[in-house]
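# Coordinate analysis (summary)
The primary structure of each chain is shown beneath.
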Amino acid sequence: QVQLVESGGGLVQAGGSLRLSCAASGNIFRSNPMGWYRQAPGTQRELVAAINVGGRINYADSVKGRFTISRDYAKNTVYLQMTDLKPEDTAVYYCNLNNPVGPDYWGQGTQVTVSS
């Protein structure tokens, strides 16, 4: 059984920074892509950033240059460093672990609120 535990969300003023962490436990493989999604009220969940097979990284256009995703394979942890936060970044952020043989795994979500 895989578990994802997120931490690091909170309230920050526009222009500020936050770092999210997601610790994975269970049957984890280095090749499992991991990433971060977010969902604001009334919207669909969207990809923010992901580390894919071979370490290839993807970012949503809206966060390029402001957010950085990284992964510590020894700790089975993925991070999302968020800088220059904007009110439109306000959402619940979810950690994702891709599962090639079944449904993806998701964390419980952590709230990020950016005040103007």
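Each value, and the rule that gives it
- The numbering scheme is per chain: residues are counted from 1 as the chain's sequence reads.
- Where totals are concerned, whole chains, interfaces and linings use all residues; where local detail is concerned, this predicted model gives features only for residues with pLDDT of at least 70, and gives and counts side-chain atom pairs only at 80 or more.
- Here the side-chain values reflect all heavy atoms present in the structure, with hydrogen atoms and water set aside.
- Here a salt bridge means any side-chain nitrogen of Lys or Arg lying within 4 Å of a carboxyl oxygen belonging to Asp or Glu.
- Strands are runs of DSSP state E lasting at least 2 residues, helices are runs of H or I lasting at least 4, and numbering of each runs from the N terminus.
- The disulfide criterion used throughout: a pair of cysteine sulfur atoms within 2.5 Å.
- Exposed residues in this analysis have more than 50% of their type's maximum accessible area, buried residues have under 20%, and partly exposed residues fall in between, with area computed by a 1.4 Å probe over protein chains only.
- The contact definition used throughout considers only heavy atoms, calling two residues in contact when any of these lie within 4.5 Å.
- In protein, a polar contact means a hydrogen-donor-capable atom and an acceptor-capable atom, both N or O and within 3.5 Å, with residues adjacent in sequence counting only if both atoms are side-chain atoms; elsewhere, any N or O pair within 3.5 Å suffices.
- Geometry of aromatic contacts follows a simple scheme: Phe, Tyr and Trp rings, the Trp one being its six-membered ring, pair when their centres are within 6.5 Å, and the pair is stacked under 30 degrees between planes, edge-to-face over 60, tilted otherwise.
- Placement of a positive charge over a ring is assigned whenever Lys NZ or Arg CZ falls within 6 Å of the ring centre and within 35 degrees of the normal to the ring plane.
- Criterion used throughout: strands pair if DSSP finds at least two bridges between them.
- Angles shown run from 0 to 180 degrees and are taken between the N-to-C directions of axes, each axis being a line fitted to C-alpha atoms and, for helices, limited to the stretch in contact.

## Considering the pattern of salt bridges
Oppositely charged side chains can form a pair if their charged atoms are brought close together. Summed over the entire model, instances satisfying the criterion amount to five salt bridges. Linking lysine 64 and aspartate 61 is a salt bridge whose minimum nitrogen-to-oxygen distance equals 3.0 Å. Where arginine 66 meets aspartate 89, a salt bridge forms, and the shortest distance between an N and an O atom there is 2.8 Å. Of this pair, arginine 66 sits in the loop between strand S6 (57-59) and strand S7 (67-72) while aspartate 89 sits in the loop between strand S8 (77-82) and strand S9 (91-97), and the two are 23 residues apart along the sequence. Connected via shared salt-bridge partners are Arg38, Glu46, Arg66 and Asp89.

## A closer look at the state of the cysteines
As enumerated under the stated definition, the model contains one disulfide in all. Residue pairing for cysteine 22: its cysteine sulfur links by disulfide to cysteine 95, the two sulfurs lying 2.1 Å apart. Around the S-S axis, the bridge from cysteine 22 to cysteine 95 shows a dihedral of about -80° and counts as left-handed. Remark: cysteine 95 occurs in strand S9 and cysteine 22 occurs in strand S3 (residues 18-25); sequence separation between them is 73 residues. Each member of the pair, cysteine 22 as well as cysteine 95, is classed as buried.

## Some thoughts on the environment of glycine 9
Relative to the elements of secondary structure, glycine 9 occurs in the loop between strand S1 (3-7) and strand S2 (10-13). Judged by relative accessible area, which is 33%, glycine 9 ranks as partly exposed. Along the primary structure glycine 9 and phenylalanine 29 are separated by 20 residues, whereas in three dimensions their C-alpha atoms are 26 Å apart. Once residues within four sequence positions are removed from consideration, glycine 9 is found in contact with Leu20, Thr110, Gln111 and Val112.

## Examining the environment of arginine 66
A relative accessible area of 9% means that arginine 66 is categorised as buried. If near-sequence neighbours (up to four positions away) are discounted, arginine 66 is found in contact with Gln81, Met82, Thr83, Asp84, Leu85, Lys86 and Asp89. In terms of polar contacts, arginine 66 uses its side chain to reach the side chain of aspartate 89, at 2.8 Å.

## Some points on the packing of aromatic side chains
Counted under the stated rule, the structure contains one aromatic pair. With a centroid separation of 5.0 Å and an interplanar angle of 70°, the aromatic rings of tyrosine 37 and tryptophan 106 are classed as edge-to-face. Taken together, the residues tyrosine 37 in strand S4 (residues 34-39) and tryptophan 106 in strand S10 (residues 105-106) connect sequence positions 69 residues apart. Accessibility expressed as a relative area gives 36% for tryptophan 106, which makes it partly exposed. The ring centre of tyrosine 94 lies 3.7 Å from the NZ or CZ of arginine 45, which sits over that ring. It is arginine 45 that lies over the ring of tryptophan 106; its NZ or CZ is 4.6 Å from the centre.

## As for the sheet that holds S3
Taken in spatial order, the four strands make up an open sheet running S1-S3-S8-S7, and their pairing is antiparallel. Because the sheet does not close on itself, it has two edges, and the strands there are S1 and S7. Going from strand to strand, the sheet's axes swing by 15° on average, the running direction of each strand aside. In this sheet, S3 lies alongside S1 in antiparallel orientation, the contact comprising five bridges. If you follow glutamine 3 over to S3, its bridge partner there is serine 25.

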